[in-house]
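What follows is the residue order along each chain.
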Amino acid sequence: MWRLSATLRERKHSTEVLKKSLQSSLTTATKRYQHDVAFQLDYYMSPQFAGVASALVNNSYQDKGLDLSFLPTCPVGLEQERVRNHQNDNSNGITMGSVEQNIFIPTLAKNPTLKTTAVAAMYHKSPLCIASLPGVHQADGNNSEKKMIIGVHEDTVDLMRRVFPEHEVVASPRATKNTDLLSGKYDAIQAYTTTEVPALRLGLGADPVVTMLEGCNGNTRLGYGQVMFTADECLEGDQREVVKAFCEATFEGWSYAIRHPEEAVEHVREARKMLGLDDENNDHWHPSDEFELEMLQRCNDHAKSTFEGDRYGVIDASRWREASEWLLGGEGDVDATFGLDKELWQPQNYSN
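Residues numbered from 1 in each chain as written. Predicted model: local features only at pLDDT ≥ 70, side-chain atom pairs only at ≥ 80, totals over all residues. Heavy atoms only, no water.

A. The environment of cysteine 74, seen in detail. By secondary structure assignment, the location of cysteine 74 is in the loop between strand E2 (66–70) and helix H5 (79–89). Along the chain, cysteine 74 and leucine 41 lie 33 residues apart, while their C-alpha atoms are 7.4 Å from each other. In this structure, cysteine 74 is in contact with Gln40, Leu41, Glu79, Arg82 and Arg174, ignoring residues within four places of it in sequence. (Helix = DSSP H or I, 4+ residues; strand = E, 2+ residues; numbered from the N terminus. Contact = heavy atoms within 4.5 Å.)

In structure tokens:
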């Protein structure tokens, strides 16, 4: 079992004080805090948010004057709606969210009244893939010899049907996806290389067959993973600097997690307990320290790839645009700034 180092214990002189501040509502800010920030994760607290967890435990948000709270775990595909609604009800604060670009862009295009804008990304590319069992033909788009039934999350059905037109794509519960694959209910499932893939390998004792979505069929472009976004009005006036401070603290956390992965595993566990965002029963985790560390290190690899100039989390506007054009079906030109603030989180000496 991983244990907190003496250095970490000394630095965290009062876990209860930190816990109280994290679980408080936006109305309980003390003199130490200058700004209220609410964060909507696209899933519950896990190693995929290791940077956020490390920033919490190391007090990075507090040190920047941010009183951070977390919104309840969100049903798939509703992240932008939850951020918009919360910001409408709490106009004096800042509301942030995280979601994949392949969800963010189509959702915003379909409903511009959500008025949300991306500012940074925790992952350089999406870890989204299709996983099947050894011996089952790989789901490689139009070239498969066998029509497969692929179980996917309800918010990616249209995307998966576009990538795999020759297969039957159906919405399925994300909490039972591995069991559904192992039982033969589906020939393949939507998975992530950071989560279900190592869980299946540890459970099977063999590697599952993996088809990455990025680049599948030669042209699939999903863009960035775990995009950090906010309500449009939060990028105006003094609030813009608060969003920037949130990014600074978050990527300080990622830097720490990358340099200290074993300690970051403990940060995730502690944050999970403090926030209570671990209440979804699912079958795509393996109950072992080995799994949690491997998952965190896989997530770290995605975060490392976002580094540009002097910081993690940078979004390249041209790559953002390329993915957005594909995600919207290639219908006409997409402005490079659609859904993106390309200036807030860029390296020093950056120029358009």
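From this point on, the discussion continues.
B. Spatial organisation of the pattern of salt bridges. Enumeration over the complete set of coordinates arrives at 16 salt bridges. Where arginine 201 meets glutamate 294, a salt bridge forms, and the shortest distance between an N and an O atom there is 2.7 Å. You can see arginine 201 sitting in helix H9 (residues 196–204) and its partner glutamate 294 sitting in helix H12 (residues 289–304), a full 93 residues away along the chain. Since its relative accessible area comes to 15%, glutamate 294 is described here as buried. (Salt bridge = Lys/Arg side-chain N within 4 Å of Asp/Glu carboxyl O. Buried < 20%, exposed > 50% of the residue type's maximum accessible area, 1.4 Å probe, protein only.)

C. Just the sheet that holds strand E3 (residues 94–99), in detail. The strand order across the open sheet formed by 5 strands is E2-E1-E3-E10-E4, and the pairing between neighbours is mixed. In the strand order of this sheet, the two ends are held by E2 and strand E4 (116–123), each with one partner. Pairwise comparison of adjacent strand axes, ignoring direction, gives a mean angle of 25° for this sheet. Where E3 and strand E10 (residues 225–231) come together, 4 bridges link them in antiparallel fashion. Residue pairing for E10: methionine 96 is matched across the bridge by threonine 230. (Pairing = 2+ DSSP bridges. Axes fitted to C-alpha atoms, helices over the stretch in contact; angles between N-to-C directions.)

D. Structural view of unusual backbone geometry. Positive phi, close to 60°, is recorded for asparagine 217, a residue that is not glycine. One can find asparagine 217 in the loop between strand E9 (209–212) and E10. Accessibility expressed as a relative area gives 38% for asparagine 217, which makes it partly exposed. Positive phi is not limited to glycine here, since glutamine 226 has a value of about 50°. Tracing the backbone through its elements, the reader meets glutamine 226 in strand E10.

E. The environment of valine 170, seen in detail. Note on placement: valine 170 falls in strand E7 (residues 168–171). Separated by 14 residues in sequence, valine 170 and threonine 156 place their C-alpha atoms 9.7 Å apart.

F. Up close: the environment of alanine 53. Along the chain, alanine 53 falls in helix H3 (residues 50–57). Once residues lying within four places of it in the same chain are set aside, the contact partners of alanine 53 are Met45, His267, Val268 and Ala271.

G. Examining the packing of helix H10 (residues 239–259) against H12 more closely. One way to put it is that H10 packs onto H12 with a least axis distance of 10 Å and a crossing angle of 125°. As far as their axial angle goes, H12 and H10 are oblique. The interaxial crossing formed by H10 with H12 has left-handed handedness. Listed contacts from H12 to Trp254, Ala257 and Ile258 of H10 are Leu296, Cys299, Asn300, Ala303 and Lys304. Tallied by class, the residues present in the contact of H10 with H12 amount to 6 nonpolar, 1 polar and 1 charged. (Parallel < 35°, antiparallel > 145°, perpendicular 65-115°, else oblique. Left-handed = near helix turned anticlockwise from the far one by under 90°. Nonpolar A, V, L, I, M, F, W, Y, C, P; charged D, E, K, R; others polar.)

H. Up close: the packing of aromatic side chains. Evaluation of the coordinates by the stated rule reveals 9 aromatic pairs. Members of the aromatic cluster, connected to one another through ring pairs, are Phe39, Tyr61, Phe70 and Phe246. Between the NZ or CZ atom of arginine 162 and the centre of the ring of tryptophan 326, over which it lies, the distance is 3.7 Å. (Phe/Tyr/Trp six-rings, centres within 6.5 Å; stacked < 30°, edge-to-face > 60°. Lys NZ or Arg CZ within 6 Å of the ring centre and 35° of its normal.)

I. Looking closely at the pairing of E10. In terms of burial, E10 is a largely internal element, 7 of the 7 residues being buried. Judged from the 6 bridges that link them, E4 and E10 form a sheet pairing that is antiparallel. Within E10, the residue paired with tyrosine 123 across the bridge is glycine 225.

J. View of the sheet that holds strand E5 (residues 128–132). Taking strand neighbours across the sheet as the criterion, the 5 strands line up as E7-E6-E8-E5-E9 in an open arrangement whose pairing is mixed. The sheet terminates laterally at E7 and E9, the two strands that pair on one side only. Sheet twist, expressed as the mean angle between neighbouring strand axes with direction ignored, is 35°. With 5 bridges connecting them, E5 and strand E8 (residues 188–192) associate as antiparallel partners. Opposite leucine 128, over in E8, you have tyrosine 192 as the bridge partner. Along the sheet, H9 makes contact with E5, E8 and E9, crossing E8 at roughly 115°.

K. Region of interest: the pairing of E7. With 4 bridges connecting them, strand E6 (residues 149–152) and E7 associate as parallel partners. Residue pairing across strands places valine 152 opposite alanine 171, the latter belonging to E7.

Take it as geometry only, folks, not as evidence of what the structure does.
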